[in-house]
Amino acid sequence: MKDYKEDEKERELNDLFGKDSSGASFEKIVKKAKRKTIVRNILISLLVMIVLIVALGFSWLSMMRANQEKAMRDVELFSHITRPNVEELGFQSLGNGLFEGILYYNRYKEIEGIPVDWSQEVVTYSLFGGVSKLLGDHTPIQLTDRNDGMTRYFDRETKQRIMEFYHPLIQYDFIRNDVAKVKELPKETLVELALSFNKKYTPEEVRKLMPDGVTVKWFWVDTYSNLDMLKGEEFETEAGEIEKIPAVPELANDIYGFEEFQEDPSLSKERFIEDIKAGLHVREGKYFSEYQRINNYLMGDSTELSSDQIYILGVVVTGTAEEMKELEKLEFFRSAVLGVTVDPNE
């Protein structure tokens, strides 16, 4: 007589394999189990892939956002000590590629209370860090001035004149003076002018030298640790003769300095020093080596950068054409070069 437990096991086997426990039925069951295993493995793999893709997506977004912030920091901090009299309206993102993003800055100049378009600043940043300009030609427009026969430079987008600056210790074959040109303008015309001095001055001395009605907008600071780069180059011709490429002035995009705070001019130098120190704290920044060079040059033998070490080589001033005529009576500047001009009636 069969044991009860044996009967129970037999019923379980019959339920599992059916009454017909032939090899064919067993094969079907094995195939069904394999299909379930395959489907389960596929579902698990898909789930893992989805989780991995989401995780990678968030990691990519986080890295791009961090590098965007670093690029913004580099661009905006560096703009504080460069680009005379140029203001930025904040950034706009033009979208991100897989490995690269683009930042767009709308820029303008302010001439006696009137904003004037200036070229846009467009930079790229990458997934792996770093910031740079868009690939391509960025040189300004260069045309021969009909009056003096020398090259004059113009902004690529706005077609406005780019200011030029002449270092007091460099000998030039030609030094431009646009005061006579200013006198030819209608007296109400608003004018931006780059003044290069005959020697170094302190900001306080510069303010005292300026005639009434002329607004100081920006100071050109002496940061030249190597003047040889400004002196021009000598080269040997095929005939064995030595010829020299003459020294050329510095364009506005190539100099360093700081904005004049009209409300409290005493803060102007301090802001410049703060910007240099801020740049030194960002060792991985694009312009760290330049901040370091400027800081070391200005400090000299001192242990810390201070406002007493800041000397001015020139300024950017604005005013009406009538007010600018007063500059003709002064002897402290070496050169005066026109920048933006505005008809206030337009």
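The structure reproduced in this document is the subject of the present report. (Residues numbered from 1 in each chain as written. Predicted model: local features only at pLDDT ≥ 70, side-chain atom pairs only at ≥ 80, totals over all residues. Heavy atoms only, no water.)

## Overview of helix 6 (residues 288–299)
Our working definition: Numbered from the N terminus, helices here are DSSP runs of H or I no shorter than four residues, and strands are runs of E no shorter than two. Working rule for helices: expected span equals 1.5 Å times residues minus one. Burial classification: accessible surface area is computed with a 1.4 Å probe over protein chains only, and a residue below 20% of its type maximum counts as buried, one above 50% as exposed, and the rest as partly exposed. Working definition: the arc comes from the directions between the helix axis and the C-beta atoms, pointing outward to the latter.
With 12 residues, helix 6 extends 16 Å between its outermost C-alpha atoms, agreeing within 8% with the 16 Å of an ideal straight helix rising 1.5 Å per residue. Of all the residues in helix 6, the buried ones are Phe 288, Tyr 291, Ile 294, Asn 295, Leu 298 and Met 299. Along the axis of helix 6, the buried positions cluster into a sector of 130 degrees, meaning they face one direction only. Of the residues flanking the end of helix 6, it is Gly 300, one or two places downstream, whose phi is positive at about 60 degrees.

## What about the side chain of Glu 164?
Convention followed: Identification of polar contacts relies on pairs of N or O atoms within 3.5 Å, with a donor-acceptor requirement for protein atoms, meaning one able to donate a hydrogen and the other able to accept it, and with residues adjacent in sequence counted only if both atoms are side-chain atoms. Residue contacts are defined here by distance: any two heavy atoms, one from each residue, within 4.5 Å place the two residues in contact.
If you trace the backbone, Glu 164 turns up in strand 7 (residues 164–165). The exposure class of Glu 164 is buried, given its relative accessible area of 1%. Separated by 3.4 Å, the side chains of Glu 164 and Tyr 166 make a polar contact. Polar contacts involving the side chain of Glu 164 include one to the side chain of Arg 176, which spans 2.9 Å. Setting aside residues up to four positions removed in sequence, Glu 164 forms contacts with Thr 151, Arg 152, Tyr 153, Arg 176, Ala 194, Ser 196, Pro 249, Glu 250, Leu 251 and Val 337.

## Re the environment of Asp 178
In this structure, Asp 178 sits in the loop between strand 7 and helix 3 (179–184). Between the C-alpha atom of Asp 178 and that of Leu 195, which follows or precedes it by 17 residues, the distance is 9.9 Å. Aside from chain neighbours lying at most four places away, what touches Asp 178 is Arg 152, Ala 336, Val 337 and Leu 338. Engagement of the side chain of Asp 178 in a polar contact is seen with the side chain of Arg 152, the distance being 3.0 Å.

## Quick notes on helix 5 (residues 267–280)
Here helix 5 contains 14 residues, and its C-alpha end-to-end distance of 20 Å stays within 8% of the 20 Å for a straight helix at 1.5 Å per residue. Listing the buried residues of helix 5 in full gives Ser 268, Lys 269, Phe 272, Ile 273, Asp 275, Ile 276 and Gly 279. One side of helix 5 holds all its buried residues, which, seen down the axis, span an arc of 155 degrees.

## Section: the environment of His 80
By the element assignment, His 80 lies in the loop between helix 2 (23–79) and strand 1 (87–96). Overall, the relative accessible area of 32% leaves His 80 in the partly exposed class. Considering only alpha carbons, one finds His 80 and Glu 259, 179 residues apart in sequence, at a separation of 7.7 Å. His 80 has contacts with Gly 257, Phe 258, Arg 271 and Asp 275, leaving out every residue within four places of it along the chain.

## Thoughts on the packing of aromatic side chains
Just so we agree on the cut-off: By convention, a stacked pair of Phe, Tyr or Trp rings (six-membered ring in the case of Trp) has centres within 6.5 Å and planes under 30 degrees apart, an edge-to-face pair has planes over 60 apart, and any other such pair is tilted.
This model, assessed by the stated rule, comprises 12 aromatic pairs. Taking the centre distance of 5.4 Å and the plane angle of 85 degrees together, the rings of Phe 197 and Tyr 201 count as edge-to-face. A residue is classified by how much of its surface remains accessible, and Phe 197, at 0% relative accessible area, is buried. Considering the side-chain rings of Trp 220 and Tyr 224, the 6.2 Å spacing of their centres and the 85 degrees angle between planes classify their relative orientation as edge-to-face. Overall, the relative accessible area of 0% leaves Trp 220 in the buried class. Of the residues examined, Tyr 224 reaches a relative accessible area of 9% and is grouped as buried. An aromatic cluster of at least three residues, connected via ring pairs, comprises Phe 78, Tyr 256, Tyr 287 and Tyr 291.

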